[in-house]
Amino acid sequence: MHLHTFIKPSLVLGVVLSLIVTSSSWAQSQKNDVIVKRDSSKIQALITQMSYEKINYRDLGTADSAKSYIYLDNVARVILKTGKIIHVRDSVLIGHVPPDSVGQYADMANLPTDKFERSVVMANSDQLRDKYRYHHDRSMDGKTGAIVFTSFAAASLVSGVIIAGSGTSPDNKTIGNSLAIAGPVLGVGLGLIGFRNYKFHRKKAEKVKTELLRRNQSLSILTVSPNLDPFNKSGQLSLRLSF
């Protein structure tokens, strides 16, 4: 009799924990971009800039996520972490547009004393987009962690109460009470860490965003620039995507 009453709450607990793990895995399943080459091979990457000529990225397949690049004529398509797919088309290049220089927008006589803020005003706009994406992604990771672990705390509390109230076995009450106490403590603790990381990185991302807006630079650039030649009845098309 005791064994039968213990199995039911255990199954309930197993199902709840499985759902939590599954939702956590789903939330974190797509954390990187994918570059699909013309030979169908794939690169798991963190894209930092995409221009009409090449893609700059961090190769997540290497131990240190080394910086690298690949020319667009070797790329078939790009799958962004948001799920958006960019199909690369052959186009005629219209010339290179150099990025702004380091410190170009900084007031050298009144640099911020804070190390991070000083690095923001001294960075060029491409570096700022890199910084923004890094801190934005870390803040989203923290937010996801806070939600997942808070859900775990609530599920543990409910499961513990159910197990403790099932049957008359002392084991049920011991396991249920332990789960109802330890689960929320662990879940809330880890959730608070995730929430703290979310606020920390979001604050930095907002500072980078403010600096880009001050420069009239966008966080992400996706421009399609047509160039028509009515005399030769030809056209040119270039693509530039930056983060």
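The structure under discussion appears in the preceding block.
Below or above, wherever it landed, is the structure these notes cover. Here the structure is a predicted model, which means the values were calculated and not measured.

Rules used in this analysis
Residues numbered from 1 in each chain as written. Predicted model: local features only at pLDDT ≥ 70, side-chain atom pairs only at ≥ 80, totals over all residues. Heavy atoms only, no water. Helix = DSSP H or I, 4+ residues; strand = E, 2+ residues; numbered from the N terminus. Buried < 20%, exposed > 50% of the residue type's maximum accessible area, 1.4 Å probe, protein only. Contact = heavy atoms within 4.5 Å. Areas by Shrake-Rupley, 256 points an atom, 1.4 Å probe, with all protein chains shown as cover. Polar contact = N/O pair within 3.5 Å; in protein donor to acceptor, adjacent residues only side chain to side chain. Core = buried A, V, L, I, M, F, W, Y, C linked by side-chain atoms within 4.5 Å. Pairing = 2+ DSSP bridges. Patch = residues over 30% accessible without salt bridge, like charges linked within 9 Å, V, L, I, M, F, W, Y side chains within 5 Å. Salt bridge = Lys/Arg side-chain N within 4 Å of Asp/Glu carboxyl O. Axes fitted to C-alpha atoms, helices over the stretch in contact; angles between N-to-C directions. Parallel < 35°, antiparallel > 145°, perpendicular 65-115°, else oblique. Left-handed = near helix turned anticlockwise from the far one by under 90°. Nonpolar A, V, L, I, M, F, W, Y, C, P; charged D, E, K, R; others polar.

## Observations regarding the overall build of the chain
Regarding its fold elements, the chain presents four helices and eight strands. Secondary structure elements in the chain, listed N-terminal to C-terminal, are α-β-β-β-β-β-β-α-α-α-β-β. Within the chain, buried positions represent 33% of all 243 residues. The long-range fraction of contacts in the chain, counting pairs at least 24 apart against all pairs at least 6 apart in sequence, stands at 56%. Of the roughly 14900 Å² of accessible surface on the chain, 61% is carried by carbon and sulfur atoms.

## Concerning the side chain of Asp33
With respect to the helices and strands, the residue Asp33 is situated in strand β1 (residues 33-37). With a relative accessible area of 0%, Asp33 lands in the buried category. A polar contact of 2.8 Å, which involves the side chain of Asp33, links it to the backbone nitrogen of Lys81. Residues contacting Asp33, with those up to four places away along its chain left out, are Ile43, Gln44, Ala45, Leu46, Ile47, Ile79, Leu80, Lys81 and Arg133.

## Things to note about the nonpolar core
Across soluble globular proteins, nonpolar side chains have a tendency to be buried as a group. Residues Ile35, Ile55, Tyr57 and Val78 are the most contacted members of the largest nonpolar core, which totals 14 residues. Put simply, the parts of the chain that give this core at least two residues each are β2 (42-50), β3 (54-59) and β5 (75-79). In terms of residue count, the dominant contributor to this core is β2 (four residues). In this view, Ile55 contacts Ile35, Ile47, Gln49, Met50, Ser68, Tyr69, Ile70, Leu72, Val75 and Val78; residues no more than four positions away in its chain are not counted. Residues Val120, Ala123, Val208 and Leu212 belong to the second largest nonpolar core, which totals eight residues.

## Side note on the pairing of β1
A large share of β1 lies buried, amounting to four of its five residues. Note that β1 and β2 share four bridges and pair antiparallel. The partner of Ile35 across the bridge, within β2, is Ile43.

## As for the environment of Arg215
Among the structural elements, Arg215 can be located in the loop between α4 (170-214) and β7 (221-229). With a relative accessible area of 4%, Arg215 lands in the buried category. Residues Arg215 and Tyr105, spaced 110 residues apart in sequence, show a C-alpha to C-alpha distance of 7.5 Å. If sequence neighbours within four positions are ignored, Arg215 has contacts with Asp100, Tyr105, Val120, Val121, Ala123, Asn124, Ser125 and Leu128. A polar contact of 3.2 Å, which involves the side chain of Arg215, links it to the backbone oxygen of Val121. Here Glu211 takes part through its side chain, which lies 2.9 Å from a polar atom of the side chain of Arg215.

## Examining a nonpolar patch on the surface
Together, Phe149, Leu186, Leu190 and Ile193 give the surface a local cluster of nonpolar side chains, amounting to about 310 Å² of exposed area. Element by element, the count of residues in the nonpolar patch is highest for α4, at three residues. Here Ile193 is to be found in helix α4.

## Describing the packing of helix α3 (residues 125-164) against α4
Geometry of a packed helix pair, given as the angle between the helix axes and the separation of the axes. In the contact formed by α3 and α4, the axes pass within 6 Å of each other and the chain directions differ by 165 degrees. If you check the angle between α3 and α4, you find them roughly antiparallel. For the pair α3 and α4, the sense of crossing is left-handed. Among the residues forming the contact of α3 with α4, the class breakdown is 24 nonpolar, 18 polar and nine charged.

## Overview of the pairing of β5
Bridge count for β1 against β5 is four bridges, and the pairing is antiparallel. Paired with Lys37 across the bridge in β5 is Val75. Remark: five residues form the turn of the hairpin made by β5 and strand β6 (residues 85-87), two consecutive strands paired antiparallel; Gly83 in that turn has positive phi of roughly 100 degrees.

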